[in-house]
Amino acid sequence: MRLEDYSIQYVKGVGEKRAELFHKLDIYTVNDLLHFFPRRYQDWSKTKTVNEAENGELVTIKATMITPVKEALIRKGLTLYKCNFSDGENVIHVTIFNNKYLAKALRTFDDYILYGKLEKSFTAASMSSPQIEKEDSSIGIHPIYHATESLNSKAIAKVVRAALEKFDLIEETLDDEIRSKYDLCSLDYAIRQIHFPKDENAIAVARRRLIFEELLTLQLGLLKLKDKKSVKNGYPINKDYTEEFIKLLPYELTSAQLSAINDCTRDMLRSDIMNRLIQGDVGSGKTAVAAAVMFNAVKNGYQAAMMAPTEILAAQHFETLSKLFENTKIKIALLTGSTKAKEKREIKAALADGYIDIIIGTHALIQNDVKFSRLALVVTDEQHRFGVEQRANLAMKAENPHLLVMSATPIPRTLGLIIYGDLNISVLNEMPKGRKPVRTDLVDSSYHERIYSFIKKAVDGGNQAYIVCSLVDEGETELISAKEYAEKLSNTVFKGYNLGLLHGKMKPKEKDNVMSAFARGDVQILVSTTVIEVGVDVPNATIMLIENADRFGLSQLHQLRGRVGRGADKSYCILVSDNKSESSLERLKTVKSTSDGFKLADYDLKTRGPGDFFGKRQHGLPNLVIADMLEDMETLRECRACAEAMLKEDYGLDKYPALVHQINEMFRKAVN
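One structure accompanies this document, and this report is about it. Chains are numbered independently. Their residues run from 1 in the order of the written sequence. It should be noted that, the model being predicted, local features are given only for residues of pLDDT at least 70 and side-chain atom pairs only at 80 or more, the latter also being counted only at that level, while totals for whole chains, interfaces and linings use all residues. Excluded from the side-chain calculation are hydrogens and water; included are all heavy atoms of the structure.

1. Overview of the nonpolar core
Thought 1: For our purposes a nonpolar core is just a set of buried Ala, Val, Leu, Ile, Met, Phe, Trp, Tyr and Cys residues, chained together by side-chain atoms within 4.5 Å. Buried means the residue's accessible area, taken with a 1.4 Å probe over protein chains only, is under 20% of the maximum for its type, while exposed means over 50%, and partly exposed covers the values in between. Judged by nonpolar contacts, the single largest core of 64 residues is most densely connected at Met 294, Phe 325, Ile 358, Ile 359, Leu 377 and Leu 404.
Thought 2: The way it works is that DSSP assigns letters per residue, a run of H or I at least four long becomes a helix, a run of E at least two long becomes a strand, and they are numbered from the N terminus. Take this core: its biggest share by element is ten residues, from helix α11 (residues 286–299).
Thought 3: Any two residues having at least one pair of non-hydrogen atoms within 4.5 Å are treated as being in contact. Residues contacting Met 294, with those up to four places away along its chain left out, are Ala 304, Met 306, Leu 321, Ile 358, Leu 377 and Val 379.
Thought 4: In terms of nonpolar packing, the next biggest core, distinct from the first, is built from 61 residues, Phe 212, Ile 626, Ile 663 and Phe 667 among them.

2. Let's talk about the sheet that holds strand β18 (residues 464–468)
For sheets, the rule is that strands pair by backbone hydrogen bonds, running either parallel or antiparallel.
Thought 1: Two strands form a pair only when DSSP identifies at least two bridges running between them. Spatially, six strands are ordered β17-β22-β21-β18-β20-β19 in an open sheet, and the strand pairing comes out parallel. Each end of this open sheet is capped by a strand with a single partner; those strands are β17 (439–443) and β19 (499–502). Taking each pair of neighbouring strands and ignoring which way they run, the sheet shows an average axis angle of 15°.
Thought 2: Relative to strand β22 (residues 572–576), β17 runs parallel, the two being bridged by five bridges. Among the inter-strand pairings, Arg 439 is bridged to a residue of β22, identified as Tyr 572.
Thought 3: Axes here refer to lines fitted to C-alpha atoms; in helices the fit is confined to the stretch in contact. Angles between the N-to-C directions go from 0 to 180 degrees. Set on the sheet, helix α17 (residues 482–491) makes contact with β18, β19 and β20 (525–528); between it and β19 the angle comes to about 175°.
Thought 4: Along the sheet, helix α19 (residues 554–561) contacts β17, β18, β21 (541–546) and β22; its crossing angle with β21, the most-contacted strand, is approximately 150°.

3. Topic: the pattern of salt bridges
Thought 1: We count a salt bridge whenever a side-chain nitrogen from Lys or Arg sits within 4 Å of a carboxyl oxygen from Asp or Glu. Counted by the stated rule, this structure contains 26 salt bridges.
Thought 2: Here Arg 276 and Asp 267 are joined by a salt bridge, their closest N and O atoms 2.7 Å apart.
Thought 3: Across the pair Arg 439 and Asp 441 runs a salt bridge whose closest N-O atoms are separated by 3.0 Å.
Thought 4: Since its relative accessible area comes to 19%, Asp 441 is described here as buried.
Thought 5: Taken together, the shared-partner salt bridges connect Glu 172, Asp 176, Arg 179, Arg 209 and Glu 213 into one network.

4. Re the packing of aromatic side chains
Where two aromatic rings form a pair, the distance of their centres and the angle of their planes describe that pair.
Thought 1: Stacked, tilted and edge-to-face are the three classes assigned to paired rings of Phe, Tyr and Trp, where Trp is represented by its six-membered ring and a pair needs centres within 6.5 Å; plane angles under 30 degrees give stacked, over 60 edge-to-face, the rest tilted. If you walk through the whole model with that rule in mind, you get 13 aromatic pairs.
Thought 2: For the ring pair Phe 36 and Tyr 145, a centre distance of 6.1 Å and an interplane angle of 10° mean the geometry is stacked. Remark: Tyr 145 occurs in the loop between β9 (141–144) and α5 (153–166) and Phe 36 occurs in the loop between α2 (30–34) and β1 (40–43); sequence separation between them is 109 residues.
Thought 3: For the ring pair Phe 494 and Tyr 497, a centre distance of 6.0 Å and an interplane angle of 85° mean the geometry is edge-to-face. Comparing Phe 494 with Tyr 497, the two get one shared label, buried.
Thought 4: Cluster of aromatic residues (ring-pair linked, three or more members): Phe 245, Phe 295 and Phe 325.
Thought 5: Residue placement shows Lys 134 over the ring face of Tyr 112; its charged tip is 5.2 Å from the ring centre. By the criterion adopted, a ring carries a charge over it if an Arg CZ or a Lys NZ lies within 6 Å of its centre and within 35 degrees of its normal.

5. Digging into the packing of α19 against helix α20 (residues 582–593)
Thought 1: The N-to-C vectors of α19 and α20 enclose an angle of 35°; their axes lie 10 Å apart at closest approach. Between α19 and α20 lies a crossing whose hand is right-handed. Contacts between α19 and α20 involve Leu 554, Leu 557 and Arg 561 from the former and Arg 587, Leu 588, Thr 590 and Val 591 from the latter.
Thought 2: For this classification, the nonpolar set comprises Ala, Val, Leu, Ile, Met, Phe, Trp, Tyr, Cys and Pro, the charged set comprises Asp, Glu, Lys and Arg, and every other residue, Gly included, is treated as polar. Of the residues belonging to the contact of α19 with α20, the class tally is four nonpolar, one polar and two charged. Crossing handedness is read from the near helix: turned anticlockwise from the far helix by less than a right angle, it gives a left-handed crossing, and turned clockwise, a right-handed one.

6. Here we look at the sheet that holds strand β15 (residues 402–407)
Thought 1: Strand order across the open sheet formed by seven strands is β12-β13-β11-β14-β15-β10-β16, with parallel pairing between neighbours. A single partner strand is all that each edge strand has here, and the edge strands are β12 (332–335) and β16 (424–428). Pairwise comparison of adjacent strand axes, ignoring direction, gives a mean angle of 20° for this sheet.
Thought 2: Relative to strand β13 (residues 358–361), β12 runs parallel, the two sharing four bridges. By the bridge assignment, Ala 333 is partnered in β13 with Ile 359.

7. Points about the environment of Met 294
Thought 1: In this structure, Met 294 sits in helix α11.
Thought 2: Judged by relative accessible area, Met 294 falls into the buried class, the value being 0%.
Thought 3: Between the C-alpha atoms of Met 294 and Asp 357, which are 63 residues apart in sequence, the distance is 9.2 Å.

8. Comments concerning the pairing of β19
Thought 1: Side chains of β19 alternate between two faces, with Gly 500 and Leu 502 buried and Leu 499 and Leu 501 left unburied.
Thought 2: Where β19 meets β20, four bridges bridge the pair, whose relative direction is parallel. Paired with Leu 499 across the bridge in β20 is Ile 525.
Thought 3: A crossover gets the label right-handed when its path from the first strand over the helix to the second runs clockwise, viewed with the strands pointing away from the viewer. Each parallel crossover has a hand, and for β19 linked through helix α18 (residues 508–520) to β20 it is right-handed.

9. Overview of α20
Thought 1: Expected helix span is taken as 1.5 Å per residue step, with the number of steps being one fewer than the number of residues. Taking 1.5 Å as the rise per residue, α20 with twelve residues should run 16 Å; its terminal C-alpha atoms sit 16 Å apart, in good agreement.
Thought 2: Taken as a whole, α20 has its buried residues at Ser 584, Arg 587, Leu 588, Thr 590 and Val 591. Down the axis of α20, the sector holding all buried residues measures 145°, keeping them to one side. Those residues of α20 that are exposed and angled more than 90 degrees off the buried face are Glu 582, Lys 589 and Ser 593. The directions from the helix axis to the C-beta atoms are what the arc is built from.

10. Side note on the side chain of Thr 440
Thought 1: By secondary structure assignment, the location of Thr 440 is in strand β17.
Thought 2: The class of Thr 440 is buried, set by a relative accessible area of 7%.
Thought 3: Of the polar contacts made by the side chain of Thr 440, one reaches the side chain of Arg 561; its length is 2.9 Å.
Thought 4: Beyond its immediate sequence surroundings of up to four residues, Thr 440 is in contact with Arg 561, Cys 573, Leu 575, Val 591 and Lys 592. Pairing of N or O atoms within 3.5 Å defines a polar contact, subject to two protein rules: one partner must be a possible hydrogen donor and the other a possible acceptor, and residues neighboring in sequence count only if both atoms are side-chain atoms.

In short, geometric facts, not functional conclusions.
Okay, here's the thing in C-alpha cells:
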C-alpha cells in the first residue's frame, strides 16, 4: 500500500479518536505524517556533568535518582513534586510542576537523562521542570514538532516512529542520474533521518534532499501550469499598431518600455495566448505599456478590460487613457461600485453589444452580469492586491483571453520565478526622461520642528505633503498613532491648514473620498498609514515624511517614496528614526543612497528575509514546508534548471509517477 493511501487512523497507537487530533494538524495519511517535519531538535547525545556545565545552560545530564518524590500542594490547581538526582559528583535538586504522571513513574536508584536549564550556585545545583527520560531510550537527537494541547511533540514522535517501522522502504521519486548530478541522498534515508537523525550531518544531508524535492515539485508544477496556459490563441492580432500608438504620446518611451511592448505584441501574434507580467519600478511607465497593448488589441477588432485595486486608481487610469485616446475612435468606459445604477446598466449593455472598446474598473468587472462581445485582453494593475482567483474570474469573461499583469513591487528575479512562475516576465528598469530624482534625507526626531517649517513653506507655496505613520490606534505601542498624530498636528503646528487622515481600517468609500480630496488639492497635508503605498498620482505632492522609518521594509519605503516626485517641482522624502542600531541605520542609509527599487529589494531579501514579499501571500501559491526562500536561493536555481531538463526529456513525467502525485497534491492544497 502507498503511503498516501494509508490512513493515519491505522498506525499503531492512533485509532479513531486520536486520528481526529492529527486531522487538526492537516495530517490524514502516513504520507502527510512523514512530511510533517520537526521544527527543531534537542540534542541529548552530548551529556555533561554539573561541573562541566555553565550556570543557566540548557544541558543534558546523566543522573541517578537518589531520593523519593515529595509532593507539595502550593494552591488549588498547582502541585509541586521534588526529588534529588546525582551525576556521581553533585546533587541536583529537581522540581516538577503539575505532572503527576511523571512523578509517579520515577523510581529511586534508576538511571535517567535530565534535559533542561541548569541553575548553579556555590552550594547547590537545581533544574526546574526538566524533561526526564529513562537513560536506555533517550540518548540521541530528539525531534520537536509543532504540537497542540491535546497532541504533544513526544506523542507525535512516537507515532512517526511506528509509521516508519511499518513501512520498510519509502518509494523513491527521483532517478539515480538526478540524485547523482545534484548530490542527493535517497528519499527513504532523508525521511528517516529528518525525523530521527543519527547526528547533525545526517540532518544536513536529509534537509538538502527534502528542500530540493520540494522546490523541484513546485517548479515542475509552475512550468506545467504555464504550459497549460499556452493554449491556442483565440484572439490573434494580425497587425502591430505600436508605431501608430507612439505618435499619440506627448513623450518619448524608454527602451525598456519599447522592449516590454514588443514582448507583449510578439506574444499576441503567436499561436499561444499571452500570459505576461510587467514588473516595473515606481514611475517606470507601466501604464503606457498597458495602453500600447490595449491599443493593439482594439485596433485589431477586440475589446480590452483593465482592473485596478481601488476606485480612485481605476478613475485615474480612465482619465489618463481617455486623454491619450481622445483623438481616436476608441470608446472607453469606467465601471466601479460607485457608478450609478442607470449608468451601470447602460455600460453593461454597451459592453455586451461591443460598443465599448476598453473598460476600466474595479472588482465590479467580475460580476456575473458583466458580459463582453469580443474580450481579448485582460489587464490587472497591482497584481499583489489581487489573487490568482480574481484575475482568473475576469479572464473567464472570454475564452482564453490574453493576460497582462502589472506590478510596481520590485521583486528579485529568482523570487519572481516562485511568485509569478506561471507568467512570462518583462522588467521596466529605466525611468522616463525628465523624471526628477527624489532627494532622500535621514534624520532623528530632533529635526521635527525644522521639518514642519519646511512642510509649511512648501504648502504655502501651493504644494502638498504626505506624513506617514506605522500605526493606526492609540495604545498599540509607545509610538504615536496616525489618528492621534493627525489630531495633534491639526490642533498645533498645522492649525489652519487642511489635514486629511487615511488608514487601512477606513471603509473603501471613505478612503477614496479622502484620496480624491487630496488629489484635487482640497487636502493640503495627508496623514496616512501605508495604504498610500499604492495610490493615485498627485503631481502637486512634493514632500513625503515617514515617521519611525526603521519599522518598514526597504521595498515598502521605496514604494512610499514613489508617491512624490511625479510633478515638475523638486521633491523630498524625509526618513525619521531614533533607532540607533547599526543594522537599522545601514538599512535606512541604503534607501537614501539608491533609487533603484530592484537593488533595494535584493538588499531587503538578504537582510530581512522574504517576509516583505510573502506577507500577503497570493491566493493559489503553494505553501513551502521545509524550503526557505532566503536560505535556499541557489537550490531554487538548480531546481529550475532540473525541472526544465526533466520536462524537455519526458514532458508527461511518465518516469516519475510518485513525483507527479506530489505535484498534484501540492497544488491541490494550494487552491483549497
